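Reading the structure
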Amino acid sequence: MNILVVDDHRLIVDDIIDELKQISPEIQCTGVTDPHEALELIRKNSYDVAYLDVEMPGMNGMNLAAEILKLSPHTNLIFVTGYTEYALESYEYHASGFITKPINRTKLRESLQHLRYRVPSITEETIRASYNGSTLIGKRLEAVREERGMTRKEMAEKMDVSVQTVYRWESGDRIPDVVTLMRLSKLLGVTMDELAG
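To keep things clear, this report deals only with the structure shown in the data block. In this text the structure is predicted, and so the values were computed from the model without any measurement. (Residues numbered from 1 in each chain as written. Predicted model: local features only at pLDDT ≥ 70, side-chain atom pairs only at ≥ 80, totals over all residues. Heavy atoms only, no water.)

**Considerations on the packing of helix H8 (residues 152-159) against helix H9 (residues 163-171)**
Relative placement of two packed helices is described by the angle separating their axes and the distance separating the axes. Worth spelling out the cut-off: Axes here mean lines fitted to C-alpha atoms, for a helix over just the part in contact, with angles spanning 0 to 180 degrees between N-to-C directions. Strands here are runs of E lasting at least two residues and helices are runs of H or I lasting at least four, both read from the DSSP assignment and numbered beginning at the N terminus. Should an angle lie under 35 degrees it is considered roughly parallel, over 145 roughly antiparallel, and from 65 to 115 roughly perpendicular; all remaining angles are considered oblique. Any two residues whose heavy atoms approach within 4.5 Å at even a single point are treated as in contact.
Where H8 meets H9, the axes come as close as 8 Å, and the angle between the chain directions of the two elements is 110 degrees. Taken as axis vectors, H8 and H9 run roughly perpendicular relative to one another. Along the contact surface, H8 presents Arg152, Lys153, Met155, Ala156 and Met159, while H9 presents Val163, Val166, Tyr167, Trp169 and Glu170.

Okay, structure coming up:
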């Protein structure tokens, strides 16, 4: 999840980022104190969520929200302020949330659980997990091979690869290509979907 934090006080920006990292270390955070700099970042990058202070010099959070929505209409906007009178106005910008200061981890966690626009759940961590054999192909391949009473050496011979290659497939160090998956599914008598999940 990629998050932008905008507040004219650097300490508040840093506090929000620290709390978000405690919630989930895989969250990518960028924090700025200048709303104009925030707009430049929005033009160049994609953000899933933007935490916006309301009272800022030069451009307030409501005006910033309007500009963000023009550039990136599916960014989840969450207003952060000490002024509760802005709560109603925030929903004119289809806000995903409104948090009153002082900020704490519980408020931030809850704000991330009620996002208006869905955030893709595929992260770098899930991609790494798919490749390390702890999920999907590696462990399924090993389980099906063992169910068939086949050793790694026997599989290697039938697939015309080294035993080390079979080990790498099963440990997740290497993912078989599509053609190899088709051959493995035929050899083991399972569909590719059953093998690859």
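**Here we look at the nonpolar core**
Heads up, the rule is: We define the nonpolar core as a collection of buried residues of types Ala, Val, Leu, Ile, Met, Phe, Trp, Tyr and Cys that are connected through side-chain atoms lying within 4.5 Å of one another. Accessible area is worked out with a 1.4 Å probe on protein chains only. A residue is then buried under 20% of its type maximum, exposed over 50%, and partly exposed in between.
In this structure, Leu4, Val6, Leu52, Leu64, Ile68, Leu77 and Phe79 are the most contacted members of the largest nonpolar core, which totals 24 residues. Only strand E1 (2-6), helix H2 (35-44), strand E3 (49-53), helix H3 (61-71) and strand E4 (76-81) provide two or more residues apiece to this core.

**Structural notes on the environment of Gly172**
Tracing the chain through its elements places Gly172 in the loop between H9 and helix H10 (178-188). Owing to a relative accessible area of 5%, Gly172 belongs among the buried residues under this scheme. Placed 16 residues apart in sequence, Gly172 and Ala156 show a C-alpha to C-alpha distance of 16 Å.

**With respect to H3**
Cut-off, in case you're wondering: In this context, the arc is that of the directions from the helix axis out to the C-beta atoms. N or O atoms within 3.5 Å of each other form a polar contact, as long as, within protein, one can give a hydrogen and the other can take it, and as long as residues adjacent in sequence are counted only when both atoms are side-chain atoms.
Residues Gly61, Met62, Leu64, Ala65, Ile68 and Leu69 constitute the buried set of H3. Across the axial projection of H3, the buried residues extend over an arc of 155 degrees, all falling on one side. Among the structural elements, E1, H2, E3, E4 and helix H4 (87-90) are those in contact with the buried residues of H3. For H3, the capping residue at the N-terminal end is Asn60, with a side-chain oxygen 2.9 Å from the backbone nitrogen of Met62.

**Things to note about unusual backbone geometry**
With an omega dihedral of 5 degrees, the bond running from Lys101 to Pro102 counts as a cis peptide bond. Relative to the elements of secondary structure, Pro102 occurs in the loop between strand E5 (97-100) and helix H5 (105-113). Here His94, not a glycine, exhibits a phi torsion of approximately 55 degrees, which is positive. For His94, a relative accessible area of 43% puts it in the partly exposed group. Despite not being glycine, Asp160 shows a phi value in the positive range, around 60 degrees. Examined against the element boundaries, Asp160 turns out to sit in the loop between H8 and H9.

**With respect to the pairing of E4**
The condition is simple: Paired strands are those between which DSSP finds at least two bridges. Handedness of a crossover: with both strands directed away from the viewer, a clockwise path from the first strand across the helix to the second marks it as right-handed.
For E4, the buried fraction is high: six of the six residues fall into the buried class. Residues Asn76, Ile78 and Val80 point to one face of E4 and Leu77, Phe79 and Thr81 to the other, with burial holding for every one of them. Relative to E4, E3 is paired through five bridges, and the arrangement is parallel. What sits directly across from Val49, in E4, is Asn76. Handedness of the crossover joining E3 and E4 through H3 is recorded here as right-handed. Examined bridge by bridge, E4 and E5 share four bridges and lie parallel to one another.

**Thoughts on a nonpolar patch on the surface**
For clarity, the threshold we go by: Only residues above 30% relative accessible area that lack a salt bridge enter a patch, with like-charged residues linked at up to 9 Å and the nonpolar side chains Val, Leu, Ile, Met, Phe, Trp and Tyr linked at up to 5 Å. Note on areas: Shrake-Rupley with a 1.4 Å probe; residue coverage comes only from the protein chains shown. Salt bridges, as used here, are contacts in which a Lys or Arg side-chain nitrogen is within 4 Å of a carboxyl oxygen on Asp or Glu.
Nonpolar side chains collect at one region of the surface, where Val178, Val179 and Met182 lie side by side and expose about 280 Å² of accessible area between them. With respect to the helices and strands, the residue Val178 is situated in helix H10. Val178 gets classed as exposed once you look at its relative accessible area, which sits at 55%.

**Side note on the pattern of salt bridges**
Counted by the stated rule, this structure contains twelve salt bridges. For Arg152, the salt bridge identified is with Glu142, shortest N-O distance 3.4 Å. Of this pair, Arg152 sits in helix H8 while Glu142 sits in helix H7 (residues 137-147); the two residues are ten residues apart in sequence, bridging distant segments of the chain. Shared partners join several salt bridges into a network, and the residues in it are Lys139, Glu142, Arg145, Glu146, Arg152 and Glu170.

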